[in-house]
Amino acid sequence: VRDETPTVFVVDDDEAVCDSLELLLTSVGRRVETFLSARAFLDAYDPARPGCLVLDVRMPGISGLELQERLTALDADLPVLFVTAHGDVPMAVRALQAGAVDFLQKPYREQELLERIDAALAVDRRRRDRRARDARRDRCLDRLTPREREVLDHVVAGDANKVTAGALGISERTVEIHRGRMMRKMEAGSVAELVRLLLD
Amino acid sequence: MQSEQGWRERYRVLLEAAADGIVVIDERGRIEELNPAAEAMFALEPGAAVGQNVSILMAEPHRQHHDDYLARYRATGEARIIGIGREVEGRRSDGTVFPLDLSVGEVAGPGRRHFIGILRDLTERRQAQSEVRRHRARLAHSARLSILGQMVGGLAHEIKQPLTAITNYAQAGHRLLGAGRVDQVADTLGKITAQAHRGAAVLERLRGLVRRRETRRRMQPLAPVLLAAAALTESDAAGHGQTLEVVVPDDLPALAVDEVEIQQVVLNLLHNAFEAMADAPAERADAPVRLLAAVRDGEVTVTVEDRGPGLADEAREALFSPFFTTKERGLGLGLAISRALVEEHGGRLGYEPAPGGGSRFRFVLPAPGGAP
């Protein structure tokens, strides 16, 4: 069973900032891993692991903004919370446009930091749930025969079996059989559940 | 008679159409003609000044001496203004004084002399000039602030890092104390102390940079001066995702320099170089900005080189002129100030294209005692 406890990944070239942040976040019960460079993080990171990234904007080597770009290119949409010691508005705008969830200026208040981290973790959880649901739906849809797929379209459109039978040129009884198989394969207990699975 | 009439008519049309003020006086200073432009300039009712002494149009001291000037000219033929233009002050009918450009010509009529004055109101031009002067003063001030701002920006980053760590440690310490993990609290307090010292050391460096501004040049080894400037741009460079390569020999000679001024020059050149790298062609985008120093015959040459797009020919011409800039938000004073600072040290600052593309700024500081 995969460990689903989210991790706060901290990337900051300042050792004291890394160390102190690790101590602080651990003391409030978060799981933390720190990295002194973007390169070290990229080498260690497994996109399957849930969590969020607390990233310093300015670092030698790969900068924070570049790391964000590389993660996006890797399709690893780990939520990024940027921290910076510079009140650099254009940079903040660039980071947020590139998909960062938030931007904090150093030194930050503990409460502020923890709230933003929790918000980032919530974003990650929602994204992962959504991806898991999408994957399940796609798996279910793949199992349907072409005829079952047609029946599904009519069910979702709200057509009665009789209407579906007429439209597809088959008997109402046959529609019922296809419909039962389709519902089992889609793992849906009711039409409402089926519609939710497809529309979500 | 007919031709005299025609001449007068043309003369009147000319006077009335002229944009400049025109005043015609007789040899005793009595106003014979004053065109509409002049009447407007002096806020006079049409025709009101004709027959009066021209000195009513003048401010002191000429107002009270004008009759004497005319008398002297009549007696000696010695001209002070005729044929020469000059700036004088006019006086409007409401008593206000304004600058005007005056040129005077003499017309010899049958038996009598006339003088023609052509007047141009300089009020607006003067206002524009003083506006430009104020504007320049403002710009020079903000250029100094911007150089200072770059230095402070680098230092602010270095101070905020330990402050951030201290804040984190202190808050973690609170929680550890609450959880009864006293051993860990002691460790954390030690770390807080270390970070506070780190912050203080940064401030000490800042003090070293700006203190005793009035003591100007002193003999000092050049390498530490250059390296301190390089260190200040590090976060600037990292923020642009760029690197700085520094080749400064330890054995650079001691020179009589004002370290703050030399650092300002180096900071400014490095800042420009990093900005240029942001527009570098893709194949050179990863090239470092280079800060090089070398000594020859006691002279020290400092070079800042980027591999950015380089400069167009016309930009090279104007590069060191105040208010010239290729940047959208630049003031165009950085290089002008840098050159002035280098020249105050008896040195020179120049530009050349870097081999293979980019820009190379190089300044030379003379050997002590003014060798080559």
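Our subject is the structure that appears above.
Quick caveat: nothing in here was measured; it's all calculated off a predicted structure. (Residues numbered from 1 in each chain as written. Chains lettered and ligands numbered in written order. Predicted model: local features only at pLDDT ≥ 70, side-chain atom pairs only at ≥ 80, totals over all residues. Heavy atoms only, no water.)

Caption draft 1: Layout of the overall build of chain B. Along its length, chain B carries ten helices and twelve strands. The buried share of chain B, reckoned over its 372 residues, is 39%. When contacts within chain B are restricted to residue pairs at least 6 apart in sequence, long-range pairs at least 24 apart make up 59% of them. Here chain B displays about 20100 Å² of accessible surface, and carbon together with sulfur accounts for 54% of that area. (Helix = DSSP H or I, 4+ residues; strand = E, 2+ residues; numbered from the N terminus. Buried < 20%, exposed > 50% of the residue type's maximum accessible area, 1.4 Å probe, protein only. Contact = heavy atoms within 4.5 Å. Areas by Shrake-Rupley, 256 points an atom, 1.4 Å probe, with all protein chains shown as cover.)

Caption draft 2: Structural detail: the sheet that holds strand β5 (residues 102-105) of chain A. All names here are of chain A. Pairing is parallel across the open sheet formed by five strands, whose spatial order is β2-β1-β3-β4-β5. Where the open sheet ends on each side, the last strands, each with one partner, are β2 (31-35) and β5. Taken pair by pair, the neighbouring strands of this sheet meet at an average axis angle of 20°, ignoring direction. Two strands pair when backbone bridges link them, and strand β3 (residues 51-56) and strand β4 (residues 80-84) are joined in this way by four bridges, in the parallel orientation. Directly across from V54, in β4, lies its bridge partner L81. (Pairing = 2+ DSSP bridges. Axes fitted to C-alpha atoms, helices over the stretch in contact; angles between N-to-C directions.)

Caption draft 3: View of the pattern of salt bridges. On inspection of all chains with the given rule, the structure shows 29 salt bridges over all chains. Across the pair E148 of chain A and K185 of chain A runs a salt bridge whose closest N-O atoms are separated by 2.9 Å. Remark: K185 of chain A occurs in helix α8 (residues 172-185) and E148 of chain A occurs in helix α6 (residues 146-156); sequence separation between them is 37 residues. Residue class for K185 of chain A comes out partly exposed when judged on its relative accessible area of 24%. Its salt-bridge partner being R126 of chain B, residue E87 of chain B comes within 2.0 Å of it at the nearest N-O pair. With a gap of 39 residues between them, E87 of chain B in strand β3 (residues 85-91) and R126 of chain B in helix α4 (residues 123-178) connect regions that are remote in the sequence. Judged by relative accessible area, E87 of chain B falls into the partly exposed class, the value being 47%. (Salt bridge = Lys/Arg side-chain N within 4 Å of Asp/Glu carboxyl O.)

Caption draft 4: Spatial organisation of the environment of D159 of chain A. Residues and elements named next belong to chain A. Here D159 lies in the loop between α6 and α7 (161-168). Residue class for D159 comes out partly exposed when judged on its relative accessible area of 25%. Ignoring anything within four residues of it in the chain, the contact list for D159 reads H154 and T164. Within the structure, the side chain of D159 is placed 2.7 Å from the side chain of H154, a separation counted as a polar contact. (Polar contact = N/O pair within 3.5 Å; in protein donor to acceptor, adjacent residues only side chain to side chain.)

Caption draft 5: Seen up close, the packing of helix α6 (residues 222-232) of chain B against helix α8 (residues 259-277) of chain B. All names here are of chain B. Look at α6 against α8: their axes get within 9 Å of each other, and the N-to-C directions meet at 45°. With respect to α8, the element α6 is oriented oblique. Classified by chirality, the crossing of α8 by α6 is right-handed. Residues V225, L226, A228, A229, A230 and L232 of α6 form the contact with α8, whose own contacting residues are E259, I262, Q263, V266, L267 and L270. (Parallel < 35°, antiparallel > 145°, perpendicular 65-115°, else oblique. Left-handed = near helix turned anticlockwise from the far one by under 90°.)

Caption draft 6: Main features of the interface of chain B and chain A. Every contact between the two is made by 24 residues of chain B and, on the other side, 28 residues of chain A. Buried area between chain B and chain A, both sides added, is near 2100 Å², and the carbon and sulfur share of it is 54%. If you look at where chain B meets chain A, you find three salt bridges. In this structure, R198 of chain B engages D14 of chain A in a salt bridge whose closest nitrogen and oxygen atoms are separated by 2.4 Å. Inspection of the region where chain B meets chain A yields seven residue pairs in polar contact (both at pLDDT 80 or more). Mapped onto the side of chain B that touches chain A, the elements with two or more residues apiece are α4, α5 (182-210) and α7 (234-239) of chain B. Per-element accounting of the side of chain B that touches chain A gives the leading share, 14 residues, to α4 of chain B. Residues of the side of chain B that touches chain A, tallied by class, amount to six nonpolar, 13 polar and five charged. (Buried area = accessible area lost by both parts, 1.4 Å probe. Nonpolar A, V, L, I, M, F, W, Y, C, P; charged D, E, K, R; others polar.)

Caption draft 7: Representation of the layout of surface pockets within the structure. Residue and element names in this part refer to chain B. Looking at the second largest pocket, its volume works out to about 600 Å³. Around the second largest pocket, the lining is made up of 28 residues, and of these M58, H66, I81, L102 and V104 lie nearest the centre. Taken together, the elements giving at least two residues each to the lining of the second largest pocket come down to β1 (21-26), α3 (62-76), β3, β4 (97-108) and β5 (113-121). No other element matches the six residues that α3 contributes to the lining of the second largest pocket. In the lining of the second largest pocket, the residues fall into 19 nonpolar, four polar and five charged. (1 Å grid on protein atoms, 1.4 Å probe; cavity = no way out; pocket = protein on both sides within 12 Å on 5 of 7 lines; lining within 4 Å. Points joined across faces, edges and corners; volume = space filled by probe spheres on them.)

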